[in-house]
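# A structural walkthrough
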Amino acid sequence: MKIDHAKPLEYSTEENRLKILGFWIFLGAEIVLFSTLFAVYFTLVNRTGNGPAGSHIFELTPVMVETIVLLSSSFTIGLGIHAMRIGAKKAMMTFFGITLVLGAVFLGVEITEFVTYVHEGATIQTSAFLSSLFTLLGTHGAHVTFGLLWGSAILYQVKKRGLTPETANKSFIFSLYWHFLDVVWIFIFSFVYLKGMM
């Protein structure tokens with residue numbers, strides 16, 4: 001395996017560069033998935049039946065908490081990748097750890113929000129609007145949950161093996177995934193919650 005020391009560690013081998021390219025292609029498929037879910041949501045947003053509309057169930061405080069927490073996690077993972085590139089393993093692991101904690105907080109708030117909706121009689125069976133809402137939010141939440149497990153596995157590997165071209169590549173690809181989830185959340189925050197509260 002030929003290592004190019006002129007490039008950042010995560011790009012230092014041909015295999016690493018191909019894996020990153022492959023992951024960008026995968027993210028293209030993820031964009032199609034979320035675009036479809038958004039399209040379904042926008043089609044069904046006014047189909048509330050006898051159930052509540054977004055303006056009745058959405059609350060700004062938990063959504064703001066989720067947004068601040070997730071955007072902060074995007075910042076901390078960026079710091080983690082910077083630390084990785086300068087070879088600061090401990091700092092990299094710390095920032096990745098903070099990212100995962102913030103991700104877990106986000107998930108906790110989202111689950112609490114779902115429980116509140118159900119207690120208010122807003123379930124996935126109540127209306128087409130709520131069905132599309134729960135599917136969109138649930139898919140994003142499932143991606144965050146997977147991200148927490150994936151990130152934990154990467155932290156374990158970095159702890160055991162150190163910063164190698166392989167672990168750096170995995171960490172960088174994970175950071176792309178995490179940033180993608182943040183971008184999707186910005187769309188959810190803007191076009192689902194804020195629009196729904198108006």
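Analysis parameters
- Numbering of residues begins from 1 in every chain and follows the order in which that chain's sequence is written.
- Confidence filtering applies because this is a predicted model: local features only for residues at pLDDT of at least 70, side-chain atom pairs given and counted only at 80 or more, and all residues used for totals across whole chains, interfaces and linings.
- Heavy atoms throughout the structure, all of them, feed into the side-chain values; hydrogens and water do not.
- The helix count covers DSSP runs of H or I at least four residues long, the strand count covers runs of E at least two residues long, and both are numbered beginning at the N terminus.
- Relative accessibility under 20% of the residue-type maximum defines a buried residue, over 50% an exposed one, and the middle range a partly exposed one, all with a 1.4 Å probe and only protein chains included.
- The contact criterion used throughout is that any non-hydrogen atoms of two residues lie within 4.5 Å.
- Only the protein chains shown count as cover for residues, and the accessible areas themselves come from Shrake-Rupley with a 1.4 Å probe.
- Think of it this way: Lys and Arg go in the positive column, Asp and Glu in the negative one, and His and the chain ends go nowhere.
- By convention, the charge on Lys lies at NZ, on Arg at CZ, on Asp at CG and on Glu at CD.
- Between Lys or Arg on one side and Asp or Glu on the other, a salt bridge is scored when a side-chain nitrogen of the former is within 4 Å of a carboxyl oxygen of the latter.
- Nine residue types can take part in a nonpolar core, namely buried Ala, Val, Leu, Ile, Met, Phe, Trp, Tyr and Cys, and a core is a set of them joined through side-chain atoms within 4.5 Å.
- All axes are obtained by fitting lines to C-alpha atoms, using only the stretch in contact for helices, and the reported angles, taken between N-to-C directions, cover 0 to 180 degrees.
- Roughly parallel here means an angle under 35 degrees, roughly antiparallel means over 145, roughly perpendicular means 65 to 115, and every remaining angle is called oblique.
- Note on convention: near helix rotated counterclockwise from far helix by under a right angle means a left-handed crossing. Clockwise means right-handed.
- Three categories are distinguished: nonpolar for Ala, Val, Leu, Ile, Met, Phe, Trp, Tyr, Cys and Pro, charged for Asp, Glu, Lys and Arg, and polar for the others, with Gly belonging to the last.
- Pairs of N or O atoms within 3.5 Å make up the polar contacts considered here, provided that, within protein, one atom can donate a hydrogen while the other can accept it, and that residues adjacent in sequence are counted only when both atoms are side-chain atoms.
- Each residue carries a pLDDT score, the predictor's own confidence in it, on a scale running from 0 to 100.
- Note that patches include only residues with greater than 30% relative accessible area and no salt bridge, and the join distances are 9 Å for like charges and 5 Å for nonpolar side chains (Val, Leu, Ile, Met, Phe, Trp, Tyr).

Bringing the overall build of the protein chain into the picture now. The secondary structure content of the protein chain amounts to 6 helices and 0 strands. In the protein chain, the order of α-helices and β-strands from amino to carboxyl end is α-α-α-α-α-α. Counting only C-alpha atoms and orienting by the principal axes, one finds that the protein chain spans roughly 65 × 30 × 25 Å. In the protein chain, which comprises 198 residues, the proportion classed as buried is 44%. Residue pairs in contact within the protein chain that sit at least 24 positions apart in sequence constitute 80% of those at least 6 positions apart. By element, 69% of the accessible surface of the protein chain is carried by carbon and sulfur atoms, the whole surface being about 10000 Å². With 13 positive and 12 negative side-chain charges, the protein chain shows a separation of 12 Å between the mean positions of the two kinds.

In this section: the environment of Leu149. By the element assignment, Leu149 lies in helix H5 (residues 128-161). For the pair Leu149 and Leu100, spaced 49 residues apart in the sequence, the C-alpha separation amounts to 9.0 Å.

Turning to the pattern of salt bridges, a few remarks are in order. All told, the structure shown has 4 salt bridges when counted by the stated rule. Of the charged contacts in the structure, one is a salt bridge between Glu15 and Lys19, with a shortest N-O distance of 2.9 Å. Here the residue Glu15 and the residue Lys19 both occupy positions in helix H1 (residues 14-44), the gap between them amounting to 4 residues, near one helical turn. Judged by its relative accessible area of 45%, Glu15 is partly exposed. Its relative accessible area of 36% is what places Lys19 among the partly exposed residues. Among the charged side chains, a salt-bridge network with shared partners connects Arg161, Glu166 and Lys170.

Looking at the element boundaries, Glu30 is found in helix H1. For Glu30, which is buried and forms no salt bridge, the nearest opposite charge comes from Lys19, at a distance of 19 Å. Dropping the residues within four chain positions of it, Glu30 is found in contact with His143 and Phe180.

Bringing the nonpolar core into the picture now. One finds Phe58, Leu133, Trp185 and Ile188 to be the most contacted residues of the largest nonpolar core, which totals 51 residues. Contributions of two or more residues to this core are made by H1, helix H3 (60-85), helix H4 (89-119), H5 and helix H6 (165-197). Not counting chain neighbours up to four residues away, the residues in contact with Phe58 comprise Tyr41, Tyr117, Phe129, Leu133, Val192, Tyr193, Gly196 and Met197.

Turning our eyes to something else, we now look at the packing of H5 against H6. Relative placement of two packed helices is described by the angle separating their axes and the distance separating the axes. The contact between H5 and H6 brings their axes to 10 Å, and the two run at 160°. By the criterion of interaxial angle, the relationship of H5 to H6 is roughly antiparallel. Here the hand of the crossing between H5 and H6 comes out left-handed. Considering only residue class, the contact of H5 with H6 consists of 19 nonpolar, 7 polar and 3 charged.

Locating Ser72 in the fold gives a position in helix H3. With relative accessibility at 30%, the residue Ser72 sits in the partly exposed group. Spatially, the C-alpha atoms of Ser72 and Ile98 are 9.5 Å apart, while their sequence positions differ by 26 residues. Within the structure, the side chain of Ser72 is placed 2.7 Å from the backbone oxygen of Ile68, a separation counted as a polar contact.

Once that is clear, we can look at the confidence of the model for the protein chain. Across the protein chain, the average pLDDT comes to 94, with 99% of residues at or above 70. Taking the mean pLDDT of every element in the protein chain, the minimum, 90, falls on helix H2 (residues 54-57) and the maximum, 97, on H5.

In this section: a nonpolar patch on the surface. Together, Leu60, Met64, Ile68, Leu194 and Met198 make up a nonpolar patch on the protein surface, roughly 500 Å² of accessible area in all. Examining the composition of the nonpolar patch, we find that 3 residues originate from one element, H3, more than from any other. On the secondary structure map, Met64 appears in helix H3.

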